[in-house]
Amino acid sequence: MTTYAVTGATGKLGRLVLNELLQKVEAGDIVALARDPSALDEYAAKGVQVRRADYDDAESLAAALQGVDRVLLISGNAVGQRERQHGAVIEAAKAAGVSYLAYTSILKGDRSRLALAPEHVATEKLLAASGLNHDVLRNGWYSENYTGGLAQSLESGKVFGAVGDGRLSTATRADLAAGAAAALVNGKGGDVYELAGDESFTMAEFAAEVSRQSGRQVEYVNQSEGEYAKTLEGAGLPPPIAAMLAGTSALSGEGELYDDSKSLSRLSGRPTTPIRTTIGEALKG
Ligand SMILES: NC(=O)c1ccc[n+]([C@@H]2O[C@H](COP(=O)([O-])OP(=O)(O)OC[C@H]3O[C@@H](n4cnc5c(N)ncnc54)[C@H](OP(=O)(O)O)[C@@H]3O)[C@@H](O)[C@H]2O)c1
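(A) Structural context of the overall build of the protein. Within the protein, the regular secondary structure consists of 13 helices and 9 strands. The C-alpha radius of gyration of the protein comes to 19 Å, within 12% of the 19 Å expected for a compact globule of 285 residues. Along the first, second and third principal axes, the C-alpha atoms of the protein reach 55 × 35 × 35 Å. For the protein, the proportion of its 285 residues judged to be buried stands at 53%. For the protein, the share of sequence-separated contacts (at least 6 apart) that also reach a separation of at least 24 residues comes to 77%. Surface summary for the protein: the accessible area is close to 12,600 Å², and the carbon and sulfur share equals 49%. Each charge sign in the protein was given a centre, from 28 positive and 36 negative side chains, and these centres are 2 Å apart.

Set out below in structure tokens:
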């Protein structure tokens, strides 16, 4: 019997990974780690073992990983704290004698200029130094990051960004969850996967597809990084977040979120979801 633990199991990606795992292995062999186990009652009812684990509480991690063979470490969302938090999971996994760990990193890893990259790169280095058998799953951007604001775009007739005519190879969370579950069950270790959509699009193509499917005219308005940061602040985002997102948008215009390796569909065994499908789902509401 092999047991498979998933950290961040209460998150949007984590739940989709649990759903994938339930198709692949026995529910009782899945260990879902959560700060608040009661958030996963529906999975406990299916037979999944739900255990309390907090990246900030080493004892909880040691207890939660007892008897676990394989771990999926889903990166946390406390930006600035993550190197330490991920390091704590890696240490606990090593102490518990796990045989394999997969970590959800960022597309292009150490070559990425995105502001969010350094914590992921630091985690990749901790993993390499740990001696743990592991794979790195360098996730690209979620398609949902772009469809999340569709209601506003339909109202204003505009999608803003600083991407220029750069191409974006996004994948849905469900696509990336399928890849992560496949690695958790079958990964051998020693691999670095660049995981992104099979297809790519420009923001002008995105706006044209929204217009086609919604029947409402929506245009892409390209802004400088500084202008786009102001637009995001105007929409209510705190200045540091607006600056980070605008910087990401501008760098994505230079290919930081583009990848044509098709590694994700090879890993998951199925094509990734085209952006037109994700737009269609978002328009259904
Ligand atoms: N590729 C992309 O486009 C993209 C976009 C956004 C984020 N990400 C990264 O991908 C990860 C997964 O994405 P997502 O959409 O599932 O994010 P999410 O819904 O925000 O989930 C984050 C998960 O991390 C858990 N977590 C946070 N702090 C923790 C702690 N101290 N101890 C234990 N668990 C903790 C959360 O648990 P609680 O339920 O207890 O809060 C939640 O389960 C994110 O955390 C982030 O690192 C990627």
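(B) Inspection of the site of the ligand at higher detail. The local shell around the ligand holds 21 residues, among which Thr 10, Leu 13, Tyr 55, Ser 75 and Gly 76 are the closest. Here Asp 54 contributes a side-chain N or O atom positioned 3.0 Å from a nitrogen atom of the ligand. Between the ligand and Asn 77 there is a distance of 3.0 Å, counted from an oxygen atom to a side-chain nitrogen or oxygen. Contributions of two or more residues to the shell around the ligand are made by helix 1 (12-24) and helix 4 (82-96). Classifying every residue of the shell around the ligand gives 6 nonpolar, 9 polar and 6 charged.

(C) Region of interest: the environment of Lys 94. Relative to the helices and strands, Lys 94 is located in helix 4. On the basis of relative accessibility, which here comes to 49%, the residue Lys 94 falls in the partly exposed class. When the C-alpha atoms of Lys 94 and Gly 131 are compared, they prove to be 8.4 Å apart, with 37 residues separating the residues in sequence. The residues contacting Lys 94, other than those within four sequence positions of it, are Ser 130 and Leu 132.

(D) Focus on the packing of aromatic side chains. What the rule picks out here adds up to 2 aromatic pairs. With centroids separated by 6.1 Å and ring planes inclined at 85°, the aromatic side chains of Tyr 146 and Phe 201 adopt a geometry described as edge-to-face. Of this pair, Tyr 146 sits in helix 6 (residues 144-147) while Phe 201 sits in the loop between strand 8 (192-195) and helix 9 (203-214), and the two are 55 residues apart along the sequence. For the residue pair Tyr 146 and Phe 201, the accessibility class agrees, reading buried in each case. Every member of this aromatic cluster is reached through a ring pair, and the members are Tyr 146, Phe 201 and Phe 206. Over the aromatic face of Tyr 43 sits the side chain of Lys 46, whose NZ or CZ is 5.1 Å from the ring centroid. When the ring centre of Tyr 100 is taken as reference, the NZ or CZ atom of Arg 70 above it lies at 4.0 Å.

What counts as what
For every chain, the first residue of its written sequence is number 1, and the numbers climb from 1 along that sequence. Two thresholds apply to this predicted model, a pLDDT of at least 70 for residue-level local features and 80 or more for giving and counting side-chain atom pairs, whereas whole-chain, interface and lining totals are computed over all residues. Side-chain measures here rest on the full set of heavy atoms in the structure, leaving out hydrogens and waters. Comment: elements are numbered from the N terminus, with helices defined as DSSP H or I runs of at least four residues and strands as E runs of at least two. Based on C-alpha atoms, the radius of gyration is set beside the globule rule, defined as 2.2 Å times the residue count to the power 0.38. Burial status follows relative accessibility: with a 1.4 Å probe on protein chains alone, a residue under 20% of its type maximum counts as buried, one over 50% as exposed, and anything between as partly exposed. Contacts are residue-level and defined by heavy atoms, with any inter-residue pair within 4.5 Å sufficient. We get accessible surface area from the Shrake-Rupley algorithm with a probe of 1.4 Å; when it comes to residues, only the shown protein chains can shield them. The positive count covers Lys and Arg only, the negative count covers Asp and Glu only, and His and the chain ends enter neither. A charge is said to be at NZ when it belongs to Lys, at CZ for Arg, at CG for Asp and at CD for Glu. In these notes, residues near a molecule or strand are those with any non-hydrogen atom within 4 Å of it. Under the rule applied, a polar contact is a pair of N or O atoms within 3.5 Å (in protein, one hydrogen donor and one hydrogen acceptor; residues adjacent in sequence only if both atoms are side-chain atoms). Under the convention adopted here, Pro, Cys and the residues Ala, Val, Leu, Ile, Met, Phe, Trp and Tyr are nonpolar, Asp, Glu, Lys and Arg are charged, and Gly plus all remaining residues are polar. Each pair of aromatic rings taken from Phe, Tyr and Trp, with Trp reduced to its six-membered ring, is defined by centres within 6.5 Å and is described as stacked if the planes are under 30 degrees apart, edge-to-face if over 60, and tilted in the remaining cases. Whether a charge sits over a ring depends on NZ of Lys or CZ of Arg being within 6 Å of the ring centre and within 35 degrees of the ring normal.

These results come straight from atomic positions and should not be treated as a statement about function.
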